[in-house]
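# Fold and geometry: a report
The primary structure of each chain is shown beneath.
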Amino acid sequence: VGQQGVAVNAISGVDIALWDIIGKALGKPIHKLIGGAFRTEIKAYATGFYRYHDFCIEDAEDEARRHVEAGFTGFKMKTGFGVKSDIEYIHRIREAVGPDIAIMADANCAYNAAAARRILLECEDAKMHFFEEPLPPEDIEGYLDLKGLTATYIACGENMFTKIGYRNWVARHAADIFQPELCSSGGITELKKIAALCEAYNVMLIPHVWGSGIGLAASLQFVASLPPAPLCLKPEEPMLEYDSSTHPFRHDLIYGAIKLENGVVRIPDKPGIGV
């Protein structure tokens, strides 16, 4: 499978485990071993809006309001269920929470550039913060067609692997935000290289975070080490994707060691990954 796919997923887990071992042996959190922390806490955005057989848009509106009540200032919806459906959905959620909440949409590679273009243009007044993975990860030309079409950032990278996989995308500025997943793109060692690549080309990096509590804890260590970008008077700080669904592999596996308070998660300072 070369430089991508399941082999890199496995390498990512081994790499995270090795950094955890080093941190525990030295009595230091990983962020102190990879350049230090630029922040002690991270503003989180909620990932949710999963669809079940009895899905209705009113339930999604209620969920959006619950995220706001929980202190989130942004959240990401699942889309990719059809152009017309997605356009109505995005507008309804915007109306439910008002203009001050950052809303994002994740299409999980559901569209081609023509369909995604229609969604972006029809939802321009909804002012989405970013549109994630509207196209398959092989369609770099399609992403270039969408980028700059509206003020909504185009984001991708969950299904890209290692610095080799990112090299051409970053060099061509094919997206506004790159989203490597720590647990599948190569682990902490490789993501530091991807982050340096993004910094060299002056593009934003906001890691994708989804899965177990181990992945969440390790991602917090990595995100702590990312410098603000772009480096200006009031830079845009990296956000933490926070899965809002209930499942034991995220919460119970680490005994609830990572807590969300008013939309913010503190960086663990215990050795290794911090849990």
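Here, every reference points to the structure presented above.
Below is a short write-up of the structure. (Residues numbered from 1 in each chain as written. Predicted model: local features only at pLDDT ≥ 70, side-chain atom pairs only at ≥ 80, totals over all residues. Heavy atoms only, no water.)

Regarding its fold elements, the protein presents 9 helices and 10 strands. For 275 residues, the compact-globule estimate of 2.2 N^0.38 gives 19 Å, and the C-alpha radius of gyration of the protein, at 18 Å, lies within 12% of that figure. For the protein, the spread of C-alpha atoms along the principal axes amounts to about 55 × 40 × 40 Å. Residue burial in the protein is summarised as follows: out of 275 residues, 51% are buried. (Helix = DSSP H or I, 4+ residues; strand = E, 2+ residues; numbered from the N terminus. Rg over C-alpha atoms; globule rule 2.2 N^0.38 Å. Buried < 20%, exposed > 50% of the residue type's maximum accessible area, 1.4 Å probe, protein only.)

Right, let's get into the pattern of salt bridges. The final tally for this structure, using the stated rule, is 13 salt bridges. When the shortest N-O distance is used, the salt bridge between Glu-132 and Lys-76 registers 2.6 Å. Linking Glu-132 in strand S4 (residues 130-132) with Lys-76 in strand S2 (residues 74-78), this pair joins segments that are 56 residues apart in sequence. Here Glu-132 matches Lys-76 in class, with each residue buried. The shortest N-O distance in the salt bridge between Lys-78 and Asp-106 comes to 3.3 Å. Taken together, the positions of Lys-78 in strand S2 and Asp-106 in strand S3 (residues 102-106) put the pair 28 residues apart, joining distant regions of the chain. (Salt bridge = Lys/Arg side-chain N within 4 Å of Asp/Glu carboxyl O.)

The next subject is the nonpolar core. Phe-75, Met-77, Ile-90, Phe-131, Phe-178 and Leu-240 are the most contacted members of the largest nonpolar core, which totals 72 residues. Once you skip the residues sitting within four places of it in the chain, Met-77 turns out to touch Phe-49, Tyr-89, Ile-90, Ile-93, Ile-103, Met-104, Ala-105 and Asp-106. Core analysis: the second largest hydrophobic core is formed by 8 residues, Met-104, Ala-155, Ile-177 and Ile-206 among them. (Core = buried A, V, L, I, M, F, W, Y, C linked by side-chain atoms within 4.5 Å. Contact = heavy atoms within 4.5 Å.)

Running from N to C, helix H7 (residues 162-171) and helix H8 (residues 187-200) cross one another at 15°; their axes reach a closest spacing of 9 Å. Relative to H8, the element H7 lies roughly parallel. For the pair H7 and H8, the sense of crossing is right-handed. On H8, the residues touching Thr-162, Lys-163, Tyr-166, Arg-167 and Val-170 of H7 are Glu-190, Lys-193, Ile-194, Leu-197 and Cys-198. Within the contact of H7 with H8, the residues separate by chemical class into 5 nonpolar, 1 polar and 4 charged. (Axes fitted to C-alpha atoms, helices over the stretch in contact; angles between N-to-C directions. Parallel < 35°, antiparallel > 145°, perpendicular 65-115°, else oblique. Left-handed = near helix turned anticlockwise from the far one by under 90°. Nonpolar A, V, L, I, M, F, W, Y, C, P; charged D, E, K, R; others polar.)

This part is about the packing of aromatic side chains. Within this structure, the stated rule accounts for 6 aromatic pairs. Taking 6.0 Å as the distance between ring centres and 85° as the angle between the ring planes, the aromatic pair formed by Tyr-45 and Phe-130 counts as edge-to-face. Of the two residues, Tyr-45 sits in strand S1 (residues 41-47) while Phe-130 sits in strand S4, which places them 85 residues apart along the sequence. Take Tyr-45: its relative accessible area is 1%, and that puts it in the buried class. With centroids separated by 6.0 Å and ring planes inclined at 75°, the aromatic side chains of Tyr-166 and Phe-178 adopt a geometry described as edge-to-face. Taken together, the positions of Tyr-166 in helix H7 and Phe-178 in strand S6 (residues 177-178) put the pair 12 residues apart, joining distant regions of the chain. Judged by its relative accessible area of 0%, Phe-178 falls in the buried class. Sitting over the face of the ring of Phe-55, Arg-51 holds its NZ or CZ atom 4.0 Å from the ring centroid. Above the ring of Tyr-242, the side-chain terminus of Arg-250 is found at 5.8 Å from the ring centroid. (Phe/Tyr/Trp six-rings, centres within 6.5 Å; stacked < 30°, edge-to-face > 60°. Lys NZ or Arg CZ within 6 Å of the ring centre and 35° of its normal.)

This paragraph deals with helix H9 (residues 213-224). The α-helix winds at 3.6 residues per turn, so residues separated by three or four positions along the chain end up facing the same way. Counted at 1.5 Å a residue, the expected span for H9 with its 12 residues is 16 Å, and the 17 Å between its end C-alpha atoms agrees. When you tally the buried positions in H9, you get 11 out of 12 residues, the bulk of the element. Considered for burial, the residues of H9 that qualify are Gly-213, Gly-215, Leu-216, Ala-217, Ala-218, Ser-219, Leu-220, Gln-221, Phe-222, Val-223 and Ala-224. Residue Ser-212 occupies the N-cap position of H9, its side-chain oxygen lying 3.2 Å from the main-chain nitrogen of Ile-214. (Expected span 1.5 Å × (residues − 1). Polar contact = N/O pair within 3.5 Å; in protein donor to acceptor, adjacent residues only side chain to side chain.)

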